[in-house]
Amino acid sequence: MVRKLLAASLLIATPAVAQKGNPLAGLDAYTAKAVKEWNVPGLAIAVVKGDSTLFMKGYGLRELGKPDPVTPNTLFSIGSNTKSFTAAAIGMLVDEGKMRWDDKVTRWLPGFQLYDPYVTREITMRDVLSHRSGLGRRGDMNWLLAGYSRAETLRRIRFLPPSQAFRTESGYQNTMFLAAGEAAAAASGMSWDELVTTRILRPLGMTHTNTSTKAFANERDVATPHGMRDGVLQPIPWRNIDNVGPAGSINSSVAEMRNYLRFINNGGTFEGKQLLKPATLNVIHTIHTVSPFMPDTLFPSVHFRGYGLGWGLSDYRGRKVMQHSGGIDGNLSWMLVMPEEKLGIMILTNGDNHMVGPSLLYYVMDNLLAGSSRDWSALNLKRFQTQSAAALAREKDRDAKRNAEEGPSRPLSAYAGTFADSLWGEIKVSVDGNRLLLDGPGIAGGSMEHWQYDTFRLTWKDAQFGKEDVIFELDRDGNPTTVRIENQQQPMIFKKR
């Protein structure tokens, strides 16, 4: 069934694609093979050169177990590729004199406050758009799990201590992009969603692209997210992330993202109309935060990496490369632009835990620049399998060291109570038979089985987050005073009321 659907998927090609010697002649078969090897439910890809579409096709299924194929018009989440739209919208306001890159964030959001008063006073739009706030990749659980509103998510960020010095390192920060989007809303007099829709999406003819999953009610060609649950790849619900929209809530198709790539390829102009000044676009595509990286034998031609304003920047085979990835609950996306070649690539998938995107990006670049390519999918798959096996071995080693015979040091009832934190909110621990229950704000919470000593293993209600350790810290009288959830991003610490 899947092979028939692959063959039936829409292929759009310019006359050059059909000519002998076309450098992308093998892309169709290579993509189909990669989709199968990585067990990706569905994928769509578009390759644009200037204004011309070199290749565009959909592969696989919108939802496993159902016959609907992915087409170039199928809508997926683009996740953090939304960030470049936020930067472009702000650039348009800069062109009109309504904002400046070096405006203090507090000019537009007077109540905005960070942990360090100096940083609160000095942080600019340029800072929040280039991940140099000093907060690092932390704080996401507030909007992701707790589900606080945009305003409340921004209010609580003041309680997050920095993990590095201001303006010294790149620290990927979704909440800072929320701040950028809300500041742009204040400067423009309309919501971020309205700003992006009226200034970018509609002028580019992106009529089905939207800023919220709520818009899916009026759409038919929508991919269903898929994730691994209990070792099985299966459909999972869409997650609404309107509360951090400027960082990642846009949904689109490769057919419509082509127009965005054309807009970038042509220096801010689309079909003869200038939407963004080339000089402003150049600021967006200039490194503002350097990203150190270790030499990699797979990328001997890469000499620098950094972050602009909503774009990751590097070089490849002597050309500047601008790219970004995006991922949210069973959707992964990749976008790349090589400005000197006026080359744009967009890849959308409805599965997670794979590296199909980078494999196809480098395959396309190699073939267009050098006429041939190594097997990036096979190389990445081998690396991925090695890393997965190592992670599994570490988990098994940890399990083997568990003291399963030692029960909790206190009766379960002693661990019950209300615990709170200014950043994370309030959680409640209660007893349910021979286990503990955790309830928190939004969708946070789950059940806790005893692990060892005063550590319990939390199984989140939201299966995306799997299992994590919860450690109760006791005072000298043996009474629990602190709950510490060992979240992968950062420990979440709550004090007993």
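Here's a quick rundown of the structure.

Calculation criteria
- Residues numbered from 1 in each chain as written.
- Predicted model: local features only at pLDDT ≥ 70, side-chain atom pairs only at ≥ 80, totals over all residues.
- Heavy atoms only, no water.
- Helix = DSSP H or I, 4+ residues; strand = E, 2+ residues; numbered from the N terminus.
- Rg over C-alpha atoms; globule rule 2.2 N^0.38 Å.
- Buried < 20%, exposed > 50% of the residue type's maximum accessible area, 1.4 Å probe, protein only.
- Contact = heavy atoms within 4.5 Å.
- Areas by Shrake-Rupley, 256 points an atom, 1.4 Å probe, with all protein chains shown as cover.
- Lys, Arg positive; Asp, Glu negative; His and termini not counted.
- Charge placed at Lys NZ, Arg CZ, Asp CG, Glu CD.
- Salt bridge = Lys/Arg side-chain N within 4 Å of Asp/Glu carboxyl O.
- Axes fitted to C-alpha atoms, helices over the stretch in contact; angles between N-to-C directions.
- Parallel < 35°, antiparallel > 145°, perpendicular 65-115°, else oblique.
- Left-handed = near helix turned anticlockwise from the far one by under 90°.
- Nonpolar A, V, L, I, M, F, W, Y, C, P; charged D, E, K, R; others polar.
- Pairing = 2+ DSSP bridges.
- Phe/Tyr/Trp six-rings, centres within 6.5 Å; stacked < 30°, edge-to-face > 60°.
- Lys NZ or Arg CZ within 6 Å of the ring centre and 35° of its normal.

Moving on, we come to the overall build of the protein chain. In terms of helices and strands, the protein chain carries 17 helices and 23 strands. Against the compact-globule benchmark of 23 Å for 497 residues, the protein chain has a radius of gyration of 24 Å, which places it among compact chains. Seen through its C-alpha atoms, the protein chain measures out along the principal axes to roughly 80 × 55 × 45 Å. Relative to its full complement of 497 residues, the protein chain shows a buried share of 55%. A separation threshold of at least 6 residues defines the contact pool for the protein chain, and within that pool the share at least 24 residues apart is 61%. When the accessible surface of the protein chain is split by element, carbon and sulfur atoms take 51% of a total near 21100 Å². Looking at charge distribution, the protein chain has the averaged site of its 58 positive side-chain charges lying 4 Å from that of its 50 negative ones.

This part takes up the pattern of salt bridges. Applying the stated criterion to the full structure yields 33 salt bridges. A salt bridge links K33 to E37; its shortest N-O distance comes to 2.4 Å. Residue K33 and its partner E37 are located together in helix α3 (residues 27-37), separated by four residues, close to a single helical turn. Take E37: its relative accessible area is 33%, and that puts it in the partly exposed class. Between R239 and D329 there is a salt bridge whose closest N-O contact spans 2.8 Å. Pair noted here: R239 is in the loop between β6 (232-235) and α12 (245-248) and D329 is in the loop between β13 (319-327) and β14 (332-338), with a separation of 90 residues, a long-range link. For the pair R239 and D329, one class covers both residues: buried. Each of the salt bridges in this network shares a partner with another, and the network as a whole consists of K49, R319 and E341.

Here we come to the packing of helix α15 (residues 356-370) against helix α16 (residues 376-400). Running from N to C, α15 and α16 cross one another at 150°; their axes reach a closest spacing of 8 Å. Judged by the angle between their axes, α15 and α16 are roughly antiparallel. Crossing handedness for the pair α15 and α16: right-handed. Taking contact as the criterion, the partners of P358, S359, Y362, Y363 and D366 in α15 are, on α16, W376, S377 and N380. When its residues are assigned to classes, the contact of α15 with α16 shows four nonpolar, three polar and one charged.

As summarised here, the arrangement of the eight strands in space is β16-β17-β18-β19-β20-β21-β22-β23, forming a closed barrel in which the pairing is antiparallel. Each neighbouring strand pair of the sheet contributes to a mean axis angle of 30°, computed without reference to strand direction.

Tallied over the full model, the rule gives 15 aromatic pairs. When the centroid spacing of 4.1 Å and the interplanar angle of 10° are considered together, the rings of Y30 and Y363 count as stacked. Of this pair, Y30 sits in helix α3 while Y363 sits in helix α15; the two residues are 333 residues apart in sequence, bridging distant segments of the chain. Exposure class is identical for Y30 and Y363. Each is buried. Seen in terms of ring centroids, F299 and W376 are 5.3 Å apart; in terms of plane orientation they differ by 20°. Their pairing is stacked. Of this pair, F299 sits in the loop between β10 (289-290) and β11 (305-307) while W376 sits in helix α16, placing them 77 residues apart in sequence. Of the two residues, F299 and W376, neither departs from the other in class, the shared state being buried. Through pairs of rings, three or more aromatic residues link up here, namely F299, Y316, Y362 and W376. Above the plane of the ring of F293 lies R305, whose end atom (NZ or CZ) is 4.7 Å from the centre.

Next up on the list: the pairing of strand β17 (residues 425-432). When strand β16 (residues 417-421) meets β17, the two strands line up antiparallel, connected through five bridges. The residue of β17 that forms the bridge with F419 is I427. Connecting β16 to the next strand, β17, in antiparallel fashion are three residues. Pairing of β17 with strand β18 (residues 435-439), which is carried by five bridges, proceeds in the antiparallel orientation. From the neighbouring strand, S430 faces β18, where its bridge partner is L437. What sits between β17 and β18 in their antiparallel hairpin is a turn of two residues, with G433 showing a positive phi close to 65°.

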